[in-house]
Amino acid sequence: MQRKGIILAGGSGTRLAPITKAISKQLMPIYNKPMIYYPLSTLMLCGIREILVITTPFHKESFMNLLGNGEDLGIRLNYKTQENPDGISQAFIIGENFINNSPVALILGDNLFNGSDLVKKLKIINKKYSKNTIFAFPVNDPERYGVVEFDENSKVINIEEKPKKAKSRYAITGLYFYDKSVVEKAHKIVPSSRGELEITSLNKLYLAENNLNVEIMNRGMAWLDTGTFDSLNQASNYIRILEKRQGLKIGCPYEVAWRNNWISDEKFKESAVKFEKSGYGNYFLDLINEKI
């Protein structure tokens with residue numbers, strides 16, 4: 001049984017509204033490509049080929065026009081809508097038929113991950129279908145996130161959602177791997193005081209079963225949550241610096257598909273023609289010719 005993937009690409013949210021109301025934040029560019037390319041590439045790097053994109057009714061058509069059915073990427077893309085931003089855990093209820101009793105990975109559409117060590121780790125975790133894994137990353141503003149609390153032996157004992165006074169600096173990132181029981185658990189969650197089906201509530205159910213693995217992201221890994229204008233700019237600068245320095249693209253799903261042998265050289269060349277005027281065309285052809 002293969003793990004399926006979900007990208008929760010909702011509306012702009014309160015932190016960026018109303019300026020970004022007319023366009024989904026995940027369609028905005030991070031340096032030289034749409035933000036949605038980054039979480040999509042992350043799932044593809046894990047080896048996940050069947051993916052559900054959940055977005056707002058207003059933005060669904062835009063995502064479909066951009067990504068299509070996934071054929072050009074050697075994957076299968078499906079689409080569902082979230083009528084209101086009623087919490088991350090609601091994604092599993094919306095995607096219940098898509099998940100169809102399979103293990104699933106969920107990634108937030110405004111989260112960006114990078115790092116060679118991370119890719120290796122994700123591939124290993126993806127193959128452990130009965131293992132539930134979330135990632136924690138040290139931040140200076142943990143009150144914006146779900147926060148992990150550890151005991152004196154570094155064992156995870158609690159997860160608190162947006163605490164006023166955080167028990168640690170380790171925030172839960174927007175990437176989650178769950179087993180096939182996730183839909184059943186999501187249905188059990190009661191809306192929080194904010195009226196949302198919190199992902200922290202779901203994680204606590206797994207934690208209560210002693211069935212939740214928390215991976216600490218090390219210094220060789222990067223996680224950017226682009227939920228503010230400052231973080232959008234920081235993410236763009238980060239990608240620009242790395243790409244200019246290395247000469248390689250980050251968050252490029254076409255390249256990931258080709259390197260995974262999900263599309264042929266010929267199919268990759270067709271994409272090169274499609275993106276000829278954007279500069280991607282020459283980059284794709286150089287990859288084929290040089291086999292970097």
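Residues numbered from 1 in each chain as written. Predicted model: local features only at pLDDT ≥ 70, side-chain atom pairs only at ≥ 80, totals over all residues. Heavy atoms only, no water.

*Asks:* Just give me the short version of the overall build of the chain, but keep the residues and values in it.
*Replies:* The helix and strand inventory of the chain stands at twelve helices and 13 strands. Against the globule reference of 19 Å for 292 residues, the chain gives a C-alpha radius of gyration of 19 Å, in line with a compact fold. In terms of overall dimensions, the chain has a C-alpha envelope of 55 × 40 × 40 Å along the principal axes. A buried classification covers 52% of the 292 residues belonging to the chain. Here the analysis covers contacts within the chain between residues at least 6 apart in sequence; of these, 75% occur between residues at least 24 apart. For the chain, the accessible area works out to roughly 14,300 Å², and carbon and sulfur atoms hold 48% of it. (Helix = DSSP H or I, 4+ residues; strand = E, 2+ residues; numbered from the N terminus. Rg over C-alpha atoms; globule rule 2.2 N^0.38 Å. Buried < 20%, exposed > 50% of the residue type's maximum accessible area, 1.4 Å probe, protein only. Contact = heavy atoms within 4.5 Å. Areas by Shrake-Rupley, 256 points an atom, 1.4 Å probe, with all protein chains shown as cover.)

*Asks:* A description of the pattern of salt bridges should follow, citing residues and the corresponding values.
*Replies:* Pairing of side chains with opposite charge becomes possible as their charged atoms draw close. Enumeration over the complete set of coordinates arrives at 17 salt bridges. A salt bridge links K249 to E243; the shortest N-O distance between them is 4.0 Å. One salt bridge connects E255 with R259, and the closest N-O pair in it is separated by 2.8 Å. In this pair, E255 and R259 both sit in helix α10 (residues 253-259), four residues apart, roughly one turn of the helix. (Salt bridge = Lys/Arg side-chain N within 4 Å of Asp/Glu carboxyl O.)

*Asks:* Can you lay out the environment of N69 for me, pointing to particular residues and giving the numbers?
*Replies:* For N69, the location among the structural elements is in the loop between α3 (60-67) and β5 (76-81). According to the relative accessible area criterion, N69 is partly exposed, its value standing at 47%. Expressed as a C-alpha distance, the spacing of N69 and K269, which sit 200 residues apart in the sequence, is 19 Å. If we skip the residues at most four places from it in the chain, N69 touches I75, R76 and L77.

*Asks:* Mind laying out the nonpolar core, listing which residues take part and the relevant values?
*Replies:* By size, the foremost hydrophobic cluster in this structure holds 49 residues, and its most contacted members are L40, M44, I51, L67 and F284. In this view, L40 contacts I7, I51, L67, L73, I75, L77 and P253; residues no more than four positions away in its chain are not counted. L106, Y178, V183 and I199 belong to the second-largest nonpolar core, a separate cluster that totals 30 residues. (Core = buried A, V, L, I, M, F, W, Y, C linked by side-chain atoms within 4.5 Å.)

*Asks:* Tell me what's going on with the packing of aromatic side chains, and back it up with residues and numbers.
*Replies:* Note on aromatic pairs: each is described by the distance of the centres and the angle between the planes. Under the counting rule described, the total for this entry stands at 16 aromatic pairs. On the basis of an interplanar angle of 10° and a centroid distance of 5.2 Å, the ring pair of Y178 and Y206 is categorised as stacked. Placement of the pair is Y178 in strand β11 (residues 170-178) and Y206 in helix α8 (residues 199-208), with a sequence separation of 28 residues. Judged by its relative accessible area of 0%, Y178 is buried. One aromatic cluster is present, built from ring pairs that chain together Y37, Y254, W258, F268, F275, Y280, Y283 and F284. If you follow K4 out to its NZ or CZ, it ends over the ring of F98, 5.2 Å from the centre. Over the ring of Y283 we find K249; its NZ or CZ atom is 5.5 Å from the centre of that ring. (Phe/Tyr/Trp six-rings, centres within 6.5 Å; stacked < 30°, edge-to-face > 60°. Lys NZ or Arg CZ within 6 Å of the ring centre and 35° of its normal.)

*Asks:* Hey, could you go over unusual backbone geometry for me, with residue numbers and the actual values?
*Replies:* At S154, a residue that is not glycine, the phi angle is positive and equals roughly 65°. Its place among the elements puts S154 in the loop between β9 (146-150) and β10 (156-161). Relative accessible area serves as the criterion here: at 57%, S154 is assigned to the exposed category. The phi torsion at N261 lies on the positive side, around 65°, for a residue other than glycine.

*Asks:* Tell me about the packing of helix α11 (residues 265-274) against helix α12 (residues 280-290), and please be specific about residues and values.
*Replies:* Contact pair α11 / α12: the axes reach a minimum separation of 8 Å and the direction vectors enclose 160°. The orientation of α11 with respect to α12, classified from their angle, is roughly antiparallel. Helix-helix and strand crossings are classified by hand; for α11 and α12 the assignment is left-handed. Along its contact with α11, which presents D265, F268, K269, S271 and A272, the element α12 presents G281, F284, L285, L287 and I288. Considering only residue class, the contact of α11 with α12 consists of six nonpolar, two polar and two charged. (Axes fitted to C-alpha atoms, helices over the stretch in contact; angles between N-to-C directions. Parallel < 35°, antiparallel > 145°, perpendicular 65-115°, else oblique. Left-handed = near helix turned anticlockwise from the far one by under 90°. Nonpolar A, V, L, I, M, F, W, Y, C, P; charged D, E, K, R; others polar.)

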